[in-house]
Amino acid sequence: KKRLKKRKDKELKKLARKENNSKGASLEDQLVYVNHLGQLTDTPPDPDLKVEVDAESIVLGIPTRVEVYVDPIRKGKIEFFNDSKGFGFIKENETNEKYFVHISQLIDEVGENDKVTFELEKGLKGMNAVRVKKA
């Protein structure tokens, strides 16, 4: 009984595939259109909704790069500094992000809550404050 049922199911699937086969379909049945919203449909788009595009306005290639100058010197405040271990953290005024600073990158002597100016460089574990001076 199981084999007969399996064979019957297989035959039904085969017939369904034959019915849905589009090999012998006409070209009109195989076409897909794009409507005015950019969606795929099987009906031709409405000619009243057609938008004319000026071919001259289409830019091919990479757009020209505009140079933006960003001041590398940032301002912040010393959040924490340990003289004995030789490191600390600076909190930037604009973004409130904290950056690691090593004692070797200090130009002036600093302590906690001092206002400083600094630059950033990429370190092993993120951005580090370098060339740190009192403001």
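Rules of the game
Residues numbered from 1 in each chain as written. Predicted model: local features only at pLDDT ≥ 70, side-chain atom pairs only at ≥ 80, totals over all residues. Heavy atoms only, no water. Pairing = 2+ DSSP bridges. Helix = DSSP H or I, 4+ residues; strand = E, 2+ residues; numbered from the N terminus. Axes fitted to C-alpha atoms, helices over the stretch in contact; angles between N-to-C directions. Buried < 20%, exposed > 50% of the residue type's maximum accessible area, 1.4 Å probe, protein only.

(A) Region of the structure containing the sheet that holds strand S7 (residues 126-134). The strand order around the closed barrel formed by 5 strands is S3-S4-S5-S7-S6, and the pairing between neighbours is mixed. Strand-to-strand twist in this sheet, taken as the mean axis angle between neighbours without regard to direction, amounts to 50°. Pairing of strand S3 (residues 74-82) with strand S4 (residues 87-92), which is carried by 6 bridges, proceeds in the antiparallel orientation. The residue of S4 that forms the bridge with Lys 77 is Lys 91.

(B) Spatial organisation of unusual backbone geometry. Of note in this structure, Asn 96 is not a glycine but carries a positive phi near 60°. Mapped onto the elements, Asn 96 comes out in the loop between S4 and strand S5 (98-102). The backbone of Asn 113 sits at a positive phi, close to 70°, despite the residue not being glycine. Note on placement: Asn 113 falls in the loop between S5 and strand S6 (115-123). Classification of Asn 113 as exposed rests on a relative accessible area of 52%.

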